[in-house]
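# Architecture and fold: a report
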Amino acid sequence: MRKQIAAANWKMNLNAEEASNLLDEIYSKSIELSSNQMVVLSIPYIYIGEAIKKYKAKNNYFIAAQNCATTTNGAYTGEISASMLHSLGVKYIIIGHSERREFHFETNQILIQKIDRCLENNITPIFCCGEKIEIRDKREQNEFVANQIIDCLFHLNQEQIKHIVIAYEPIWAIGTGKTASSQEAEDMHKNIRLTLAQKFGDNVADQISILYGGSVKSNNASEIFSENDVDGGLIGGASLNANEFSGIINALKK
Ligand code: PGA
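Here is what the cut-offs are and how they apply
Within each chain, residues carry numbers counting from 1 in the order of the written sequence. Per-residue local features of the predicted model are confined to residues with pLDDT of at least 70, and side-chain atom pairs are confined, for both listing and counting, to 80 or more; whole-chain, interface and lining totals are unaffected and use all residues. Side-chain metrics in this entry use all non-hydrogen atoms of the structure; hydrogen atoms and water are not considered. Whether two aromatic rings pair depends on their centres lying within 6.5 Å, for rings of Phe, Tyr and Trp, where Trp uses its six-membered ring; planes under 30 degrees apart make the pair stacked, over 60 edge-to-face, and the rest tilted. Going along the chain from the N terminus, every DSSP run of H or I of four or more residues is numbered as a helix, and every run of E of two or more is numbered as a strand. Note on exposure labels: buried denotes an accessible area under 20% of the residue type's maximum, exposed denotes more than 50%, and partly exposed covers the range between, all computed with a 1.4 Å probe on protein chains only. The salt bridge definition used is simple: a Lys or Arg side-chain nitrogen within 4 Å of an Asp or Glu carboxyl oxygen. Here a residue is considered near a molecule or strand provided that any single heavy atom belonging to it is located within 4 Å of it. The definition of a polar contact used here is a pair of N or O atoms within 3.5 Å, where within protein one atom must be able to donate a hydrogen and the other to accept one, and adjacent residues in sequence count solely through side-chain atom pairs. The accessible surface values rely on the Shrake-Rupley method and a 1.4 Å probe; as for residues, cover is taken only from the protein chains in view. To define axes, lines are fitted to C-alpha atoms, for helices over the stretch in contact only, and angles between the resulting N-to-C directions are given on a 0 to 180 degree scale. In what follows, roughly perpendicular refers to angles from 65 to 115 degrees, roughly parallel to angles under 35, roughly antiparallel to angles over 145, and oblique to any angle outside these ranges. Should the near helix be turned anticlockwise from the far one by less than a right angle, the crossing is left-handed, and should it be turned clockwise, the crossing is right-handed. Should any heavy atoms of two residues lie within 4.5 Å, those residues are counted as being in contact. Residues are sorted three ways: Asp, Glu, Lys and Arg are charged, Ala, Val, Leu, Ile, Met, Phe, Trp, Tyr, Cys and Pro are nonpolar, and all the rest, Gly among them, are polar. Paired strands are those between which DSSP finds at least two bridges.

What follows is about the packing of aromatic side chains. Counted according to the given criterion, the structure contains five aromatic pairs. On the numbers, 5.1 Å between centres and 80° between planes, the contact of Tyr-27 with Tyr-55 is edge-to-face. Linking Tyr-27 in helix 1 (residues 16-28) with Tyr-55 in the loop between helix 2 (45-54) and strand 3 (61-64), this pair joins segments that are 28 residues apart in sequence. Looking at Tyr-55, the relative accessible area reads 3%, which means it is buried.

Shown next as structure tokens:
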């Protein structure tokens, strides 16, 4: 069975004390995870070192970053490289979140470089894709998202693609309180898996976890996660509350 993943995306929230408290709260919930369930906490860079130490003994919990540089180490003031993150023990990095595409002008070309830097450092990219409402209104969402997958992931080989997690996040659902219906999520996840299968074969496509993101809360997570091709979620707002996030973790398929 594919890995079932509850991934938090804290974005640019919480001061040091708040971050530390939330990490403690989530830790102390002591949620039992099965061997194919995972929790990934994508937190601001500056808190990663402390968080990794805190969670060292916690099986199947991973501390992740929300971004990394396109380049390897060198004269790039203000940047953080995948190899630095690797040296701290980071195993996952969110790549291509729509906020980075929009506010930091990250193109598919840039995302390819970031994905490659992750893989070179044994880090799994959580690759985000998803359409704006205008595209869904024209019913072009399947083709649009398939093209994001083709453009950013089709240069990878059979082995590399197995080290990718995909997060489908319709932009109209992010932070809006409006989720995709579980059927809309399932339809898109099927479309993504079919796209992957065309290049990498059914067997490989079947092993790739595809998360849904966009206004997932503890009260809608079970319905969305119960769909066949939905392997968990990427959670923004609701991941900032330990009770909410725990409810979401508990909604993962066993
Ligand atoms: P949201 O954000 O859960 O607050 O909608 C999801 C995301 O942006 O990853």
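Having put the structure on the table, let's press on.
Overall, the coordinates contain 15 salt bridges when judged by the stated rule. With a shortest N-O distance of 2.8 Å, Glu-120 and Arg-117 are connected by a salt bridge. Of this pair, Glu-120 and Arg-117 are both found in helix 5 (residues 108-120), three residues apart, which corresponds to roughly one turn of the helix. The exposure class of Arg-117 is buried, given its relative accessible area of 17%. For the salt bridge of Asp-229 with Arg-193, the shortest nitrogen-to-oxygen distance reads 2.6 Å. Remark: Arg-193 occurs in helix 9 (residues 182-200) and Asp-229 occurs in the loop between helix 11 (221-225) and strand 8 (232-235); sequence separation between them is 36 residues.

This paragraph deals with the site of the ligand. The local shell around the ligand holds 13 residues, among which Lys-11, His-97, Glu-169, Gly-175 and Ser-215 are the closest. Note that an oxygen atom of the ligand is positioned 2.7 Å from one of the side-chain N or O atoms of Glu-169. Separating an oxygen atom of the ligand from a backbone N or O atom of Gly-237 is a distance of 2.8 Å. Notes on the ligand: free accessible area 280 Å², of which the protein chains cover 97%.

In contact at an axis separation of 10 Å, helix 7 (residues 141-153) and helix 9 are set at 40° when each is read in the N-to-C sense. The angle between helix 7 and helix 9 places the two elements in the oblique class. In this structure, the crossing between helix 7 and helix 9 has a hand that is right-handed. Of the residues in helix 9, those touching helix 7 at Gln-141, Asn-142, Val-145, Ala-146, Ile-149, Ile-150 and Leu-153 are Met-188, Asn-191, Ile-192, Thr-195, Leu-196 and Phe-200. Counted by class, the contact of helix 7 with helix 9 contains nine nonpolar, four polar and no charged residues.

Positive phi, normally seen in glycine, also occurs at Asn-60, with a value near 70°. Structurally, the position occupied by Asn-60 is in the loop between helix 2 and strand 3.

With that out of the way, let us pick up the packing of helix 1 against helix 2. For the pair helix 1 and helix 2, interaxial distance at closest approach is 11 Å and the crossing angle is 25°. As summarised for this structure, helix 1 and helix 2 are arranged roughly parallel, according to the angle between their axes. For the element pair helix 1 and helix 2, the recorded crossing hand is right-handed. The segment helix 1 lies against helix 2, with Ala-16, Ala-19, Ser-20, Leu-23, Asp-24 and Tyr-27 engaging Tyr-47, Glu-50, Ala-51 and Lys-54. Broken down by class, the residue content of the contact of helix 1 with helix 2 amounts to six nonpolar, one polar and three charged.

Judged by pairing direction, the sheet is parallel, and its eight strands sit side by side in the order 3-2-1-8-7-6-5-4 without closing on themselves. Bordering the open sheet on either side are strand 3 and strand 4 (92-95), each of which pairs with just one other strand. Going across the sheet, the axis of each strand differs from the next one's by a mean of 25°, ignoring polarity. By the bridge criterion, six bridges tie strand 1 (residues 4-9) to strand 2 (residues 37-42) in an arrangement that is parallel. In the sheet register, Ala-8 faces strand 2, and the bridge partner there is Leu-41. Relative to strand 5 (residues 124-129), helix 7 is tilted by about 145°, and along the sheet it contacts strand 5 and strand 6 (165-168).

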